[in-house]
Amino acid sequence: MRRAALSLLLALLPCAARAEHFDIKLTATAPDGSSKEAFADETPPIGGLNPRPVLRAKAGDTIAFQFIMTNVYEHESARNAGIRFYIVRERQLGQKAVPPLENLTAEGSFTFNLKPKAKIGTKERVVMPQPGVYLLRVESQRTQREHEHFAAIDLEIQ
Amino acid sequence: MSLLRCVRAAALVSVGPCLGAGDNDLTINLKVQSGGREQTAISGQSAAPPTFAAKAKEVVWVQWSVANGTTGAPLSDITLHVFIDRGDARAAAPKPGPKTLYESALIQDFEAGVKSSGEFRMPMPEPGSYFVRVETIGAARKLGKEVAAAMQVSVP
């Protein structure tokens, strides 16, 4: 009984401490089976609070990524909210600023009325054509809150 | 657990009673573009899915929108399921396979006049026959049937 209560408490603690609006789980997997996960961060500040994990692969590899976002607010809706995701080349691993969104390797977006407890999920397989350092990022937009949420993983393609 | 099942799990526990939405005016508009060419598919307007021809490695831009033209009660907990995979768009009730190129699921309430949209860009990986499908899951509870738009993407 005491053990079960402790497990529940531990499961609830991260949620209570972060008090996020969005729960995000972003996963990227390389062909060799190696995988990295990232969770909800917020901006501002630029680049967020958490260090980004790095997934390493080779040029020509297919990277599979998936994200699931949950609006954890139970009572608030937002009209014409959005979610955007993309893979873009960046200068260096872990750089704080998001690079200009030009020559994107992959991208997508949604525009919809965000309902309480809504879930949005996407998965995609992308061939990484050239060596370099890339940013894989999914972010909320227009949620009518004081900050937006995102999750991101760096891709180092050799 | 599949992406679709994972996203829908939250909605299924909160499904309310059928509200009765009146006429079936939930409309899906699907457009695929590349290299200055484009093709459109609209739900309920064609028996055979149209075909879009693309080249290998060419980036295709897929856009869709879903609009509720009814004036009745909201359509609640509708899942918009979108995917592109290898295969034939004319297959009965096609489902994405384990190596689907793109798949998304979004749960939304459609009040009268509400519109939802999405898009993605991706390079077509290699020659073959692909299809894009945008479909509702859960609309049948209120409308008596699901709504879908599909398009064949041919990469010679």
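Chemist: Would you explain the interface of chain B and chain A in this entry?
Modeler: Interfaces are often sized by the amount of accessible area the parts lose when they come together. Facing 24 residues of chain B, the contacting portion of chain A comprises 22 residues. Looking at the side of chain B that touches chain A, the elements that each hand over two or more residues are α1 (3–12), β6 (102–110) and β7 (115–123) of chain B. Among the residues forming the side of chain B that touches chain A, the class breakdown is 14 nonpolar, five polar and five charged.

Chemist: So what exactly am I meant to see when it comes to the sheet that holds β6 of chain B here?
Modeler: Pairing between the strands of a sheet comes from backbone hydrogen bonds, and it takes one of two forms, parallel or antiparallel. Taken together, the nine strands give an open sheet; going across it, the order is β2(A)-β1(A)-β5(A)-β8(A)-β6(B)-β5(B)-β8(B)-β9(B)-β3(B), and neighbouring strands pair in mixed fashion. The open sheet terminates on both sides in strands that have one partner only, identified here as β2 (35–39) of chain A together with β3 (51–53) of chain B. Going from strand to strand, the sheet's axes swing by 15° on average, the running direction of each strand aside. Pairing between β3 of chain B and strand β9 (residues 148–155) of chain B: three bridges, direction parallel. Counterpart to A53 of chain B in the pairing with β9 of chain B is S154 of chain B.

Chemist: Could you clarify how one ought to interpret the environment of R91 of chain A in this entry?
Modeler: Along the chain, R91 of chain A falls in the loop between β6 (78–89) and β7 (106–114). Between the C-alpha atoms of R91 of chain A and A28 of chain A, which are 63 residues apart in sequence, the distance is 20 Å.

Chemist: Hey, could you run me through the confidence of the model for chain B in this one?
Modeler: Residues and elements named next belong to chain B. Put simply, chain B has an average pLDDT of 85, and 88% of its residues get 70 or more. Residue range residues 11–23 is modelled with pLDDT below 50. Its contacts to residues more than four positions away, or to other chains, number 25 contacts. Scored by ipTM, the complex comes to 0.82, with pTM at 0.85.

Chemist: What is the right way to read the pairing of strand β10 (residues 148–157) of chain A from this model?
Modeler: Two faces belong to every sheet, and in a regular strand the side chains alternate between them. Residues and elements named next belong to chain A. Judged by how many residues are buried, β10 sits mostly within the fold: eight of ten residues are covered. Where strand β3 (residues 41–43) meets β10, three bridges bridge the pair, whose relative direction is antiparallel. What sits directly across from E42, in β10, is H149. Relative to β10, strand β4 (residues 54–57) runs parallel, the two sharing four bridges. The residue bridging A57 from the neighbouring strand is I157, located in β10. Here eight bridges tie strand β9 (residues 132–141) to β10, and the two strands are oriented antiparallel to one another. Bridging from a neighbouring strand, L135 pairs with D154 of β10. Connecting β9 to the antiparallel partner β10 that follows it, the hairpin turn spans six residues, and R142 within it adopts a positive phi of roughly 55°.

Chemist: Hey, could you run me through the pairing of strand β4 (residues 59–68) of chain B in this one?
Modeler: All names here are of chain B. Covered by surrounding structure in β4 are V60, V62, W64, V66 and N68 only, the residues V59, W61, Q63, S65 and A67 on the alternate face being uncovered. The sheet contact formed by strand β1 (residues 26–34) and β4 spans eight bridges and is antiparallel. The partner of T27 across the bridge, within β4, is A67. Sheet topology note: the β4/β7 ladder contains nine bridges and is antiparallel. Bridge pairing in β7 links A67 to K115.

What counts as what
- Residues numbered from 1 in each chain as written.
- Chains lettered and ligands numbered in written order.
- Predicted model: local features only at pLDDT ≥ 70, side-chain atom pairs only at ≥ 80, totals over all residues.
- Contact = placed C-beta atoms within 7 Å.
- Helix = DSSP H or I, 4+ residues; strand = E, 2+ residues; numbered from the N terminus.
- Nonpolar A, V, L, I, M, F, W, Y, C, P; charged D, E, K, R; others polar.
- Pairing = 2+ DSSP bridges.
- Axes fitted to C-alpha atoms, helices over the stretch in contact; angles between N-to-C directions.
- pLDDT = per-residue confidence, 0-100.
- Buried ≥ 20, exposed ≤ 12 C-beta atoms within 10 Å, placed from the backbone.

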